[in-house]
Amino acid sequence: SAATRGGGSKMAVILETSLGDIFLDLHTDKCPKACQNFLKLCKMKYYNNVIFHNVQKDYLAQTGDPDGTGRGGSSIWGVLYGNQAKYFDDEISKKLKHTKKGTLSMANTGPNTNGSQFFITLADDLTSLDEKYTIFGEVPEGEDGLDTLDKINAAFCDEGGRPLQNIRVRHTVVVDDPFPDPKGLDDHIPDRSPEAKPDKHDVDRLADYENPYNRHEGKSDEQVDKELKDATAKSQAEVLTMIGDLPSAEAVAPETDLFVCKLNPVTTSEDLETIFSQFGEIVSCDVVKDWKTGDSLQYAFITFEDKESCERAYFKMENALIDDRRIHVDFSQSVSKLWGAWRKGDRSGMQQGFAGHANQPQGRRRDKRGKDEDDNRWKRDKFDKDAAPKKRQRTSRDDRRDRDYDRRDRDRPRDRDRDR
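Model, not experiment: these values are computed from the prediction.

Colleague: Would you explain the overall build of the protein in this entry?
Modeller: Tallying secondary structure elements over the protein gives nine helices and 15 strands in all. Evaluated residue by residue, the protein yields a buried proportion of 40% over its 420 residues. Sequence-distant contacts in the protein: of pairs separated by 6 or more residues, those separated by 24 or more amount to 66%. Taken as a whole, the protein presents about 25800 Å² of accessible surface, with 47% of it coming from carbon and sulfur.

Laid out in structure tokens, this is it:
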């Protein structure tokens, strides 16, 4: 049986949170309705996995909203009987004050709007809360619960009071319940406690089970190495995006492009296209040349119609002999085409999005006459009469300016003779 404490309160509930346990004494004699509501909600595991959505340093820690927004929650009677019983009336006693840390009170949005949300004070003498909120319990002195409150009080929070790392009520243990169960409660009591699992609140915050000081704890060396490399690559991509070398930090090289190097200077684009076309349809094949001399730089990029053709060429042509040279073949890591397409905008044939998502340039395709369709489209766009800037219409001001020029030219010889 639970031990009775001074003032008629009993240790009735243990809140098991992600930062430690909080022991709660309830004022069952002074606030029976608030205590019954709290105990029955704990009994049906209503508070399991609920976050502390509002933590104000040296003031209070608020929880009890299953939505985690501060606008949700319902009393036990609202759960059982519908929205018309969502709230219950205040039970404010002038004998109960927010004089010490660990005071347990119902949260509300005005008089008689008590639902499921509650808060625990994190400092002494918070008299501004008196006679506004129903005090129905407290954290007893000498228990570990006060240490847990100190940990909650030290949490880093955003401007709205939401902790940057989620703090959750993982489990509730009802030690003593003097109230009979209302009709229909048995249908809402689960056979076992709900399992803790990540949810929508872990998307933009550190999860309650993560260690912010050692996020690699319990992971293998391979996993840690991969995470570090991924983080480094992402950081570098963001820097390249900021300086304009990448259209997007998520841009990735197309999976249909091959990079070929160690070419013989005499090898041409047509030669490579003829050799590599045995593996599938080729969209483009370009040997990169010096822009001044036109000499081959001995490497090329080949774009296939599909990924499977690209992979076949990669496995078959590595270290192959072309024009007395052993070539090297690899998957292209270049995003220059994406960057160029991004700069040209609609004229480049860009689809919506970018690179590894849906943003890949459509690429060059050759028509039956062997010409590049993209080049023809570009020329049509470039010399489109409708797209060309229109000539400005003449105005009376232009006419006056022309007359002034004519008069100056006519009078110049006369003025020159006069000056002599």
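Colleague: For this particular structure, what's the right way to read the environment of Val283?
Modeller: Mapping Val283 onto the fold places it in strand 11 (residues 282-289). Spatially, the C-alpha atoms of Val283 and Ile302 are 7.8 Å apart, while their sequence positions differ by 19 residues.

Colleague: How should a nonpolar patch on the surface be read in this particular structure?
Modeller: Taken together, the side chains of Val239, Leu240, Met242 and Ile243 make up a nonpolar region of the molecular surface, amounting to roughly 400 Å² of accessible area. Judged by relative accessible area, which is 41%, Val239 ranks as partly exposed.

Colleague: Even after reading the chapter, I still don't get the sheet that holds strand 15 (residues 328-331), so can you show me in this structure?
Modeller: One key point about sheets: their strands pair by backbone hydrogen bonds, in either a parallel or an antiparallel sense. Taking strand neighbours across the sheet as the criterion, the four strands line up as 11-12-10-15 in an open arrangement whose pairing is antiparallel. The sheet is open, and its two edges are formed by strand 11 and strand 15, each paired on a single side. With direction set aside, neighbouring strand axes in the sheet form an average angle of 20°. The pairing of strand 10 (residues 257-261) with strand 15 spans four bridges and is classified as antiparallel. Across the sheet, Phe259 pairs through a bridge with Asp330, a residue of strand 15. Contacting strand 10, strand 11, strand 12 (296-304) and strand 15, helix 5 (residues 269-276) runs over the sheet at an angle of about 145° to strand 11.

Colleague: Can you help me understand the environment of His53 in this one?
Modeller: The topology assignment puts His53 in the loop between strand 3 (50-51) and strand 4 (54-56). Overall, the relative accessible area of 10% leaves His53 in the buried class. Linking His53 and Ile167, residues 114 residues apart in sequence, is a C-alpha distance of 8.2 Å. In contact with His53, not counting residues within four places along its chain, are Gln62, Thr63, Asp65, Gly68, Thr69, Gly70, Gln117, Gly161, Arg162 and Pro163.

Colleague: Looking at this structure, I do not really get a negative patch on the surface. What am I missing?
Modeller: A cluster of acidic residues, Glu270, Asp271, Asp323 and Asp324, forms a negative patch at the surface. Position of Glu270 among the secondary structure elements: in helix 5.

Colleague: Looking at this structure, how should I read the pattern of salt bridges?
Modeller: Side-chain pairing between opposite charges can occur once the charged atoms of the two side chains come close. Within the structure shown, the criterion is met by 10 salt bridges. As a salt-bridge pair, Glu131 and Lys97 come within 3.4 Å of each other at their nearest N and O atoms. One end of the pair, Glu131, is in the loop between strand 7 (118-121) and strand 8 (135-138); the other, Lys97, is in the loop between helix 2 (76-81) and strand 6 (103-106), with 34 residues separating them in the sequence. Owing to a relative accessible area of 31%, Lys97 belongs among the partly exposed residues under this scheme. A salt bridge links Lys100 to Glu138; the shortest N-O distance between them is 3.2 Å. Note that Lys100 is positioned in the loop between helix 2 and strand 6 and Glu138 in strand 8, a separation of 38 residues in sequence.

Colleague: When you look at helix 6 (residues 307-317) in this model, what are you seeing that I'm missing?
Modeller: Since the α-helix packs 3.6 residues into each turn, any two residues three or four apart lie on the same face. Every buried residue belonging to helix 6 is among Ser309, Cys310, Ala313 and Met317, and all of these are buried. All buried residues of helix 6 lie within an arc of 100° about the axis, which places them on one face of the element. Against strand 10, helix 5, strand 12, strand 13 (321-322) and strand 15 lie the buried residues of helix 6. Capping the start of helix 6, Asp306 holds a side-chain oxygen 3.3 Å from the backbone nitrogen of Glu308, two or three residues further along.

Colleague: Can you help me understand the nonpolar core in this one?
Modeller: Here is a general trend for soluble globular proteins: nonpolar side chains tend to be buried in one another's company. Counting residues in each nonpolar core, the largest one holds 40 residues, and the members touching the most others are Leu26, Phe38 and Phe136. Looking at this core, the elements that each hand over two or more residues are strand 1 (10-17), strand 2 (20-26), helix 1 (32-43), helix 2, strand 6, strand 7, strand 8 and helix 3 (145-153). Considering each element in turn, this core owes the most residues, six residues, to helix 1. Other than its neighbours up to four places away in sequence, Phe136 contacts Asp25, Leu26, His27, Cys31, Ala34, Cys35, Phe38, Leu104, Ser105, Met106 and Phe118.

Colleague: Looking at this structure, I do not really get the confidence of the model for the protein. What am I missing?
Modeller: Detailed reading of the predicted coordinates is not advisable wherever pLDDT falls low. Mean pLDDT over the protein: 81, with 78% of residues reaching 70 or higher. Every residue in residues 346-383 is under pLDDT 50, and counting partners more than four places away or in other chains gives 57 contacts.

Colleague: Any chance you could explain the packing of aromatic side chains here in plain terms?
Modeller: Two aromatic rings, taken as a pair, are described by how far apart their centres are and by the angle between their planes. By the definition in use, this model includes 13 aromatic pairs. Centroid distance Phe119 to Tyr133: 5.4 Å. Interplanar angle 90°. Geometry classified as edge-to-face. With a gap of 14 residues between them, Phe119 in strand 7 and Tyr133 in the loop between strand 7 and strand 8 connect regions that are remote in the sequence. Residue Phe119 is classed as buried on the basis of its relative accessible area, which comes to 3%. Judged by centre distance (6.1 Å) and plane angle (90°), the rings of Tyr299 and Phe301 are edge-to-face. A residue is classified by how much of its surface remains accessible, and Tyr299, at 28% relative accessible area, is partly exposed. For Phe301, a relative accessible area of 24% corresponds to the partly exposed category. Three or more aromatic residues joined by ring pairs make a cluster, and in this case those are Phe38, Tyr46, Tyr47, Phe118 and Phe136. Positioned above the aromatic ring of Trp77 is the side chain of Lys33, whose terminal nitrogen or guanidinium carbon lies 4.3 Å from the ring centre.

Thresholds applied
Residues numbered from 1 in each chain as written. Predicted model: local features only at pLDDT ≥ 70, side-chain atom pairs only at ≥ 80, totals over all residues. Heavy atoms only, no water. Helix = DSSP H or I, 4+ residues; strand = E, 2+ residues; numbered from the N terminus. Buried < 20%, exposed > 50% of the residue type's maximum accessible area, 1.4 Å probe, protein only. Contact = heavy atoms within 4.5 Å. Areas by Shrake-Rupley, 256 points an atom, 1.4 Å probe, with all protein chains shown as cover. Patch = residues over 30% accessible without salt bridge, like charges linked within 9 Å, V, L, I, M, F, W, Y side chains within 5 Å. Salt bridge = Lys/Arg side-chain N within 4 Å of Asp/Glu carboxyl O. Pairing = 2+ DSSP bridges. Axes fitted to C-alpha atoms, helices over the stretch in contact; angles between N-to-C directions. Lys, Arg positive; Asp, Glu negative; His and termini not counted. Charge placed at Lys NZ, Arg CZ, Asp CG, Glu CD. Arc of directions from axis to C-beta. Polar contact = N/O pair within 3.5 Å; in protein donor to acceptor, adjacent residues only side chain to side chain. Core = buried A, V, L, I, M, F, W, Y, C linked by side-chain atoms within 4.5 Å. pLDDT = per-residue confidence, 0-100. Phe/Tyr/Trp six-rings, centres within 6.5 Å; stacked < 30°, edge-to-face > 60°. Lys NZ or Arg CZ within 6 Å of the ring centre and 35° of its normal.

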